[in-house]
Amino acid sequence: MFKFALGRLLQAIPVLLVVITMTFMLVHSAPGGPFSADKAVPEEVLKALEAQYNLDQPLWQQYLSYLGDVVQGDMGPSFKYPGRNVNELIMSGLSTTAELGFYAMLVAIFIGVIAGVTASMRPNTMQDYVPMTAAMIGICMPSFLLGPLLVLVFGIHLEWLPVSGWNEIPGDKIMPAITLGTGYAAYIARLSRGGMLEVLSQDYIRTARAKGLSEFLIISKHALRGGLIPVVAFLGPAFAGLLGGSFVVETIFQIPGLGRFYVQAAFNRDYTMILGTTVFFATLIILFNLLSDMLAIWLNPKLRQQVRGDS
Amino acid sequence: MSTNEITVTAEKGTSLWEDAWIKLRKNRLALIGLGLLLSLCVISLLTPWIAPYGYEEQNLLMGATPPSAEHWLGTDIFGRDMLTRIMWGGRVSLMVGFIATAVALAIGVIYGAVAGYIGGRVDMVMMRLVDILYALPFMIFIILLMVVFGRNLLLLFFAIGAVEWLTMARIVRGQVMSLRKQEFVEAAHSLGLSQWIIIRRHIIPNTLGPVIVYTTLTIPSVMLLEAFLSFLGLGIQPPQSSWGLLINYGVETMEEYPWLLIFPGVALSLTLFALNFLGDGLRDALDPRTSKD
């Protein structure tokens, strides 16, 4: 397992290099610089600003010095927030986004697994159709539609929950978490239903039934572990998607998280901020994919043997 | 007694496609999806002729009005007919869905087929590249692309297509690789059939099923991506409109005029619904393992 993780981490290095290089080239090929939006900056000031951020050096030199800084964990100063470091800005947004993502994942896993397992227990009956149709609705209801609709109903008409903000009024985390989590709940429901159906037709489940175990014990002790493998494999990519989804949810609910920082940075042409966030996101995604793969290996004895056999 | 006459008909084998069609016809949800989709396509094609009002027709004096006999889905704050705007927006949304999926399909199928058919070291290098691309945060790149190069429709097709081909490549490669080792392909080889005939008679038809299914499921995810970008203000730009953009406008005024959010939202969700149900239905229908019952 250790060797497997190490190998994957080594593989991540070229991926991150590609990410940094592509983003760097993209950002620097953009028409208009970070300071061109400011109105009427005198020539000398512009020059001084560019010198301060090394923008007057040739591109390859900028690239190499940036690469050197990143390796040491320094993402450089932000262009738009003078005096503030990109590391600092990322960290300040991260805790909010991580919290939002955590709640959303809780919603997704809780609702998704329960719906999927319920549906798999009596396939092709009402107990299957109702949660699965609900899951399909969840998939077809994008967060940028679900969020405003929730706000409209529960925030504006019923006035049960605050319409925006984060950590200001009690209950202001409920709607963002549901908005972000619903789509994933729907996917998890479909995946866990599929996984459970596969497992429930296996011989060892028949054995458990023959032993006279209660349905609850069969599901919880014997079937869940195998049936949830597809869900676990989905969690890594889902996390990546969650970050993307947080752009929208953070915009709708005005949450000061990483997603909103990123969109703002992109609009402001804040080069170092864009680069820093991108590198950071890429690293996170790679790490979470690795984690979910390791979890899948731990859950699945067949895969475990394969990994041992390789190393 | 004529009804009880015994008729003897020759047993006729059904092909995979006839079989699939029989199964699909029994799946009511998939059929509803197919019907909905076809009518949407027809409406989109005919929009310039059948839209009740002109696309740019404004009536500032009227402003936003709820649904009425003259304006079935109401009007927006400029007094523009919502039904007309949703019809025109649907054209763009569907077009993005189909064209970007076609881009992804072309790249993915060719790439996957080459990797799967050649195999060996070439395959390993090609698939490792796909693995690397998978790990890239694409959503971020697309946002960046749209910001850096301006909101260009062609670029949008390209960017979305470039993201979505990866899974297609994997599916096609897996299918081609497993087919190459099947007995009936080996049998065809030993019968002395040419490479080209084997590809045409055996590889392509047997790969088509998963490709069709995945294509049907890619279209909604592409449409969703476009709507997502338009919602953030990075996709389709006015005066053009798409459902994502209409939803974006709807959100701004939803407190006073909720129908401006609800109707484009329903249009988008219904279309995604139709496509997903059709995709699921096709998957069941084209899977030879599901029984004929």
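Residues numbered from 1 in each chain as written. Chains lettered and ligands numbered in written order. Predicted model: local features only at pLDDT ≥ 70, side-chain atom pairs only at ≥ 80, totals over all residues.

Some remarks on the overall build of chain A
Turning to step 1, where the next piece is worked out: What chain A contains, in helices and strands, is 13 helices and 0 strands.
Turning to step 2, where the next piece is worked out: Burial statistics for chain A: of 311 residues in total, 40% are counted as buried.
Turning to step 3, where the next piece is worked out: Considering only residue pairs separated by 6 or more positions, chain A has 74% of its internal contacts joining residues 24 or more positions apart. (Helix = DSSP H or I, 4+ residues; strand = E, 2+ residues; numbered from the N terminus. Buried ≥ 20, exposed ≤ 12 C-beta atoms within 10 Å, placed from the backbone. Contact = placed C-beta atoms within 7 Å.)

Some details on the overall build of chain B
Turning to step 1, where the next piece is worked out: From N to C terminus, chain B includes 10 helices and 0 strands.
Turning to step 2, where the next piece is worked out: Mapped in sequence order, the helices and strands of chain B form the string α-α-α-α-α-α-α-α-α-α.
Turning to step 3, where the next piece is worked out: Buried positions account for 42% of the 293 residues belonging to chain B.
Turning to step 4, where the next piece is worked out: Look at the contacts in chain B between residues 6 or more apart in sequence, and 68% of them connect residues 24 or more apart.

Details of the packing of helix α9 (residues 243-252) of chain B against helix α10 (residues 259-286) of chain B
Residue and element names in this part refer to chain B.
Turning to step 1, where the next piece is worked out: Put simply, α9 and α10 touch, their axes get as near as 8 Å, and they point 155° apart. With respect to each other, α9 and α10 are oriented roughly antiparallel. Remark: the crossing between α9 and α10 carries left-handed chirality. On α10, the residues that touch W243, L246, I247, Y249, G250 and V251 of α9 are L260, L261, P264, G265, A267 and L268. (Axes fitted to C-alpha atoms, helices over the stretch in contact; angles between N-to-C directions. Parallel < 35°, antiparallel > 145°, perpendicular 65-115°, else oblique. Left-handed = near helix turned anticlockwise from the far one by under 90°.)

Examining the packing of helix α6 (residues 153-180) of chain B against helix α8 (residues 195-231) of chain B
Residue and element names in this part refer to chain B.
Turning to step 1, where the next piece is worked out: Packing of α6 against α8 brings their axes to within 10 Å, and their N-to-C directions diverge by 155°. Put simply, α6 runs roughly antiparallel to α8. Once α6 is placed against α8, the crossing between them reads as right-handed. Taken together, the residues of α8 that come into contact with α6 (itself represented by L156, I160, E164, T167, M168, I171, V172, Q175, V176 and L179) are H202, I203, N206, T207, P210, V211, Y214, T218, V222, L225 and E226.

Focus on the environment of B:V251
Turning to step 1, where the next piece is worked out: By the secondary structure assignment, B:V251 is in helix α9.
Turning to step 2, where the next piece is worked out: Linking B:V251 and B:T218, residues 33 residues apart in sequence, is a C-alpha distance of 26 Å.
Turning to step 3, where the next piece is worked out: Ignoring sequence-local partners within four residues, the contact set of B:V251 consists of A:P148 and B:L261.

Describing the confidence of the model for chain B
All names here are of chain B.
Turning to step 1, where the next piece is worked out: Per-residue pLDDT for chain B has a mean of 80; in total, 91% of the residues score no lower than 70.
Turning to step 2, where the next piece is worked out: Averaged pLDDT values over the elements of chain B bottom out at 73 in helix α5 (residues 138-149) and peak at 87 in helix α3 (residues 82-118).
Turning to step 3, where the next piece is worked out: Among the scores for the predicted complex, ipTM is 0.74 and pTM is 0.78. (pLDDT = per-residue confidence, 0-100.)

With respect to α5(B)
All names here are of chain B.
Turning to step 1, where the next piece is worked out: For α5, spanning 12 residues, the distance from its first C-alpha to its last is 16 Å, which sits close to the expected 16 Å at 1.5 Å a residue.
Turning to step 2, where the next piece is worked out: Among the 12 residues in α5, 9 count as buried, and that is most of the element.
Turning to step 3, where the next piece is worked out: Along α5, the positions that sit buried rather than exposed are F138, M139, I140, I142, I143, L144, L145, M146 and V147. (Expected span 1.5 Å × (residues − 1).)

What to know about the interface of chain B and chain A
Where the parts come together, the accessible area they lose is often given as the size of the interface.
Turning to step 1, where the next piece is worked out: Counting from both sides, the interface comprises 28 residues of chain B and, opposite them, 34 residues of chain A.
Turning to step 2, where the next piece is worked out: Those elements that provide at least two residues to the side of chain B that touches chain A are α5, α8, α9 and α10 of chain B.
Turning to step 3, where the next piece is worked out: When its residues are assigned to classes, the side of chain B that touches chain A shows 24 nonpolar, 3 polar and 1 charged. (Nonpolar A, V, L, I, M, F, W, Y, C, P; charged D, E, K, R; others polar.)

Brief notes about unusual backbone geometry
All names here are of chain A.
Turning to step 1, where the next piece is worked out: Positive phi, normally seen in glycine, also occurs at Q254, with a value near 50°.
Turning to step 2, where the next piece is worked out: Mapped onto the elements, Q254 comes out in the loop between α10 (229-252) and α11 (258-268).
Turning to step 3, where the next piece is worked out: Accessibility expressed as a C-beta count within 10 Å gives 12 for Q254, which makes it exposed.

So, the environment of B:R25
Turning to step 1, where the next piece is worked out: Residue position: B:R25 is located in helix α1 (residues 16-26).
Turning to step 2, where the next piece is worked out: Residues B:R25 and B:A285, spaced 260 residues apart in sequence, show a C-alpha to C-alpha distance of 9.1 Å.

What about the nonpolar core?
Turning to step 1, where the next piece is worked out: Counting residues in hydrophobic clusters, the biggest one holds 151 residues, and the most contacted among them are A:I188, B:I142, B:I143, B:F228 and B:I247.
Turning to step 2, where the next piece is worked out: Residue contacts for B:F228: discarding those within four places in its chain leaves A:P142, A:F144, A:V248 and B:G244. (Core = buried A, V, L, I, M, F, W, Y, C linked by C-beta atoms within 7 Å.)

Overview of the confidence of the model for chain A
Turning to step 1, where the next piece is worked out: When pLDDT is averaged along chain A, the result is 79, and 88% of the positions lie at 70 or above.
Turning to step 2, where the next piece is worked out: Considering each helix and strand of chain A separately, the mean pLDDT is smallest for helix α13 (residues 301-310) of chain A, with a value of 66, and largest for helix α7 (residues 174-200) of chain A, with 87.

A word on the environment of B:A159
All names here are of chain B.
Turning to step 1, where the next piece is worked out: Note on placement: A159 falls in helix α6.
Turning to step 2, where the next piece is worked out: Sequence separation between A159 and L246 is 87 residues, and the spatial gap between their C-alpha atoms is 22 Å.
Turning to step 3, where the next piece is worked out: Contacts of A159, omitting those with residues within four sequence positions, involve I142 and L145.

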